[in-house]
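Each chain is listed here by its residues.
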Amino acid sequence: MSTHIRRIAVCTGGGDAPGLNAVIRSVVISALNRGWECYGIHDGFNGILFPERYAEGGVYRLNREKVRGIAHLGGTMLGTTNKGNPLQFPMKMRDGTTREVDRSDEILDFFARKEFDALVSIGGDGSLTIANALHRKGLRVVSVPKTIDNDLDKTFTTFGFDSAVAFATECLDRLHSTAESHQRVMVVEVMGRYAGWIALHAGIAGGAHAILIPEIPFEIEQVAAKIRERDSFGRMYSIIVVAEGAEPAHGTRAVLEPAEIGHAERLGGIGERITKVLQQQTGKDARSVVLGHLLRGGSPTSFDRLAAMRFGTAAVRALDEGKSGVMVALAFPNVNYVALEDVAGRMKGVPLDCDTLQTGRDMGICFGD
Ligand code: F6P
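Residues numbered from 1 in each chain as written. Predicted model: local features only at pLDDT ≥ 70, side-chain atom pairs only at ≥ 80, totals over all residues. Heavy atoms only, no water.

Caption draft 1: Inspection of the sheet that holds strand β10 (residues 238–243) at higher detail. Spatially, β9-β10-β8-β13 is the arrangement adopted by the four strands of the open sheet, whose pairing is parallel. Only two strands of the sheet have a single partner each, and these edge strands are β9 (210–212) and β13 (286–290). Each strand axis lies, on average, 15° off the axis of its neighbour in the sheet, ignoring direction. Sheet topology note: the strand β8 (residues 185–190)/β13 ladder contains five bridges and is parallel. Directly across from valine 187, in β13, lies its bridge partner serine 288. Here helix α5 (residues 161–182) sits on the sheet in contact with β8, β10 and β13, set at roughly 140° to β10. Helix-sheet contacts for helix α6 (residues 197–205) involve β8, β9 and β10, and the interaxial angle to β9 is about 170°. (Pairing = 2+ DSSP bridges. Helix = DSSP H or I, 4+ residues; strand = E, 2+ residues; numbered from the N terminus. Axes fitted to C-alpha atoms, helices over the stretch in contact; angles between N-to-C directions. Contact = heavy atoms within 4.5 Å.)

Caption draft 2: Spatial organisation of the nonpolar core. Ranked by size, the top nonpolar core spans 36 residues in total, and within it Ile8, Val120, Ile122 and Phe159 carry the most contacts. Residue assignment for this core shows that the elements contributing at least two residues are β1 (7–12), α1 (20–32), β3 (59–62), β6 (118–123), β7 (141–145), α9 (302–320) and β14 (326–331). Apart from the residues lying within four places of it in its own chain, the contact partners of valine 120 are Ile8, Ala9, Val10, Cys11, Val27, Val142, Val144, Ala315 and Leu319. Grouped together as the second largest cluster of nonpolar side chains are 35 residues, Ile198, Ile213, Ala243 and Phe367 included. (Core = buried A, V, L, I, M, F, W, Y, C linked by side-chain atoms within 4.5 Å. Buried < 20%, exposed > 50% of the residue type's maximum accessible area, 1.4 Å probe, protein only.)

Caption draft 3: Highlighting the site of the ligand. Near the ligand you find Asn82, Ile148, Asp149, Met191, Gly192, Arg193, Glu244, His263, His293 and Arg296, and these make up its full shell. Between asparagine 82 and the ligand, the recorded distance is 3.1 Å, taken from a side-chain N or O atom to an oxygen atom. Between an oxygen atom of the ligand and a side-chain N or O atom of glutamate 244, the distance comes to 2.6 Å. If the ligand stood free it would expose 400 Å²; the protein chains cover 82% of that surface. The residue makeup of the shell around the ligand, split by class, is two nonpolar, four polar and four charged. (Near = heavy atom within 4 Å. Polar contact = N/O pair within 3.5 Å; in protein donor to acceptor, adjacent residues only side chain to side chain. Areas by Shrake-Rupley, 256 points an atom, 1.4 Å probe, with all protein chains shown as cover. Nonpolar A, V, L, I, M, F, W, Y, C, P; charged D, E, K, R; others polar.)

Caption draft 4: Region of interest: unusual backbone geometry. With an omega of 5°, the peptide bond between phenylalanine 332 and proline 333 qualifies as cis. One can find proline 333 in the loop between β14 and β15 (334–339). The phi dihedral of aspartate 43 is positive, around 45°, even though this residue is not glycine. Checked against the element boundaries, aspartate 43 lands in the loop between β2 (37–41) and α2 (46–49). Although it is not a glycine, asparagine 150 adopts a positive phi angle of roughly 60°. Structurally, the position occupied by asparagine 150 is in the loop between β7 and α5.

Caption draft 5: The arrangement of helix α8 (residues 270–282) in detail. Here α8 spans 18 Å end to end across 13 residues, near enough to the 18 Å set by a 1.5 Å rise per residue. Those residues of α8 not exposed but buried are Ile270, Gly271, Ile274, Thr275, Leu278 and Thr282. Angular distribution of buried residues about the axis of α8 spans 130°; they occupy a single face of the element. Every exposed residue of α8 that faces more than 90 degrees away from the buried side is listed here: Lys276 and Gln280. Elements that come into contact with the buried residues of α8 comprise β8, β9, α7 (220–232), β10 and β13. Looking one or two residues past α8, glycine 283 carries a phi angle of roughly 75°, positive in sign. (Expected span 1.5 Å × (residues − 1). Arc of directions from axis to C-beta.)

Caption draft 6: Broad picture of the layout of surface pockets. Computed from the structure, the second largest pocket encloses a volume of approximately 250 Å³. In terms of lining residues, the second largest pocket is bounded by Asn150, Phe156, Thr157, Phe161, Asp162, Val165, Trp197, His201, Phe303, Lys348, Cys354 and Thr356. Broken down by secondary-structure element, the contributors of at least two residues to the lining of the second largest pocket are α5 and α6. Looking at the lining of the second largest pocket residue by residue, the class counts come to six nonpolar, four polar and two charged. Viewed by domain, the lining of the second largest pocket spans two of them, domain 1 (7–159 + 300–342) and domain 2 (163–297), each represented by three or more residues. (1 Å grid on protein atoms, 1.4 Å probe; cavity = no way out; pocket = protein on both sides within 12 Å on 5 of 7 lines; lining within 4 Å. Points joined across faces, edges and corners; volume = space filled by probe spheres on them. Domains from an automatic or database assignment.)

Caption draft 7: Molecular detail of the packing of aromatic side chains. The tally for this structure, following the rule as stated, stands at seven aromatic pairs. An angle of 35° between the planes, with centres 4.8 Å apart, marks the rings of tyrosine 39 and phenylalanine 116 as tilted. Note that tyrosine 39 is positioned in strand β2 and phenylalanine 116 in the loop between α3 (104–113) and β6, a separation of 77 residues in sequence. On the accessibility criterion, phenylalanine 116 (9% relative accessible area) is buried. Relative to phenylalanine 89, the ring of phenylalanine 50 has its centre 5.6 Å away and its plane inclined at 45°; by these criteria the two rings are tilted. Here phenylalanine 89 lies in strand β4 (residues 89–92) and phenylalanine 50 lies in the loop between α2 and β3, a separation of 39 residues in the sequence. We classify phenylalanine 50 as buried; its relative accessible area is 14%. With a relative accessible area of 6%, phenylalanine 89 lands in the buried category. Here the aromatic residues Tyr39, Phe110, Phe111 and Phe116 are joined through ring pairs into a cluster of three or more. (Phe/Tyr/Trp six-rings, centres within 6.5 Å; stacked < 30°, edge-to-face > 60°.)

Below is the structure:
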């Protein structure tokens, strides 16, 4: 069923993730192959809200040449922002205060004025909520799930996650030899916000001895006991992976910056915090490493590249079939579509009964509980 689409726009929102360019390329090529025009919006929706900031215009036409040779590149050629939620846009008021203003009507007006028929929105939890709101206001929109954190519901995985896990695993591999040579405890902090997927997958794949995730409040004494136990077997070093959002059973999450208007809270610092405690409790030399934004950079793995292209083309197929208000999802072995209504605002943490967690436990990994 064709719905007479002639012109679509694509944007990327939230933190970047390996695979964004591969999605953009696949959206553009499959749209052009249908005879549609395709336009890119700069920096989330900023290209629409602040057109004066961009020399070539905030929204510009994408052709084959513009997306040539980008599928393997990290980042996003369109730019992105995690401070530009048009539903709650931070605006400076005359009295000097900052307030959240709903600017979503400006986006709808823009689409109507420019005769854009639909939007492909690539992003994580925040972007899904925005896409759902725009859909409810009448915009035709299909979302593509992105995040290294893998915390979006109703899809087996998001693109970006596999690349982040692969890089974190390589880092852990490298840390084993230096930790063993110096008989040290190495604490590795990874991203993931309130979900422990990156820590869990990379920790198991990279041979960590303890993994601390937000879903399991931890007792630091359990980790210290694990380190002492290893020492007693002559294994004089230990690798601890901690998710940035991990929380001690009797304490608080490490927050770098509290949430403010237009921006979520920034997590970080738990690695350094527990390194000091473990050094005190075990008497061993300990060091901490924060992988942070390194996890978001670099080329997407082949898994993420393919997932990105499957998602991008599936988004265009969805529009061609007259769908709107849906997110493309991975439901092995195929992609399918789920209603934005059912995913927006819902987080997918690590289920405590999942077999990956059980795998870690059966391998003797300490989860701090
Ligand atoms: O959601 C992706 C993510 O990388 C989180 O894991 C992390 O907490 C956050 O983004 C960091 O965002 P920022 O770009 O604001 O530092």
